[in-house]
Amino acid sequence: MSYCIDLSGKVTIVTGGYAGIGLSIVKTQLSAGARVIILGKTYNKFLDIRNELKEISDEFDFYELDIKNSQEVTDIIRKIEAKESKIDILVNNAGIVKDSLLIRMSDEDWLDVLDVNLNGLFYVTKNVLKYMVKAKSGRVINITSVIGETGNAGQANYAAAKAGIIAFTKSIAKEYAARGIIANAVAPGFIKSSMTDKLPEDIKDGIKKTIPLSRIGDPTDVSNAVLFLSSILSNYITGAVINVNGGMFMQ
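In what follows, the accompanying structure is described. The shown structure was predicted, so the numbers you read here are calculated from the model rather than taken from an experiment.

## Points about the sheet that holds strand β4 (residues 89-92)
Working step 1: Sheet architecture is open: seven strands sit in the order β3-β2-β1-β4-β5-β6-β7, paired in parallel fashion. Each edge of the open sheet carries a strand with a single partner, namely β3 (60-64) and β7 (241-244). Taken pair by pair, the neighbouring strands of this sheet meet at an average axis angle of 20°, ignoring direction.
Working step 2: As defined by bridge partners, strand β6 (residues 181-188) adjoins β7 across four bridges and the pair is classed as parallel. Looking at β7, one finds that A185 is bridged to V241.
Working step 3: Strands β4, β5 (138-143), β6 and β7 of the sheet are contacted by helix α9 (residues 219-230), whose axis makes an angle of about 170° with β6.

## Brief notes about α9
Working step 1: Look at α9: 17 Å from first C-alpha to last across twelve residues, which is about the 16 Å you get at 1.5 Å a residue.
Working step 2: Turning to α9, its buried residues are P219, V222, S223, A225, V226, L227, L229 and S230.
Working step 3: In this structure, the buried side of α9 is in contact with α1 (20-31), β4, β5, β6 and β7.

Rules behind the numbers
Within any chain, residue numbers begin from 1 and follow the written order of that chain's sequence. In view of the model being predicted, local features appear only for residues whose pLDDT reaches at least 70, and side-chain atom pairs are presented and counted only at 80 or more, with totals across whole chains, interfaces and linings using the full set of residues. Side-chain measures were taken over the full set of non-hydrogen atoms in the model, leaving aside hydrogen atoms and water. DSSP-based pairing: two strands are paired if at least 2 bridges between them are found. Labels follow the DSSP assignment, with helices taken as runs of H or I lasting at least four residues and strands as runs of E lasting at least two, numbered in each case from the N terminus. Helix axes use the C-alpha atoms of the stretch in contact, all axes being lines fitted to C-alpha atoms, and the angles between their N-to-C directions lie in the range 0 to 180 degrees. Contacts are assigned to residue pairs that have any heavy atoms within 4.5 Å of one another. The length a helix should cover is 1.5 Å for every residue beyond the first. The buried label goes to any residue with under 20% of its type's maximum accessible area, the exposed label to any with over 50%, and the partly exposed label to all in between, with areas taken from a 1.4 Å probe on protein chains only.

See the structure below:
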């Protein structure tokens, strides 16, 4: 028996696949043979990565949409299904942060984070599930965060949204298991990004001390977990939260 992960013939949707974890997920899915549909708000950001993706595969496409707009999401998912004839894997990765201590947090910053990180995920998943139910097959993989499990000062909006994603994932796992649909979440910890690259070395060292594996994670650490959950190797896993955090939080 071979354990090489092959997603040839699969169609994967990834929301927010421009950079960091999202871009790594797109690249990993392409490398495994999937056709990848990227959903994002800005077409120009897609143009910045298009040639980079072509070095891996030509099997990708991009649709511009405002994930906070329910009707727009419905229309785009319908177009994707009509063109691709199926949707096998959905990776909900899109997210924003607008950090502030709660007493100083504006209503707008609270609502924006909830609208993108949680409501947008709901709109996309709801529409994709319609087609997965008809196919009696599908994978939903939601990117949450260690902050959704532990909370964090200055991130009440982000923590609330990410915790909501965990509960949402467990609920749809129960609702749709009988329809052949598997739903899981991946909870990254501190992952290397343009943001972490700008941190002073002493701050990075302090972060590493909270992590048993003593390093900040790489985006591929997350995208490899997503790849595993996309494959037949995870056929008996649903409703789970896979922690990719170097041991900084253990359930």
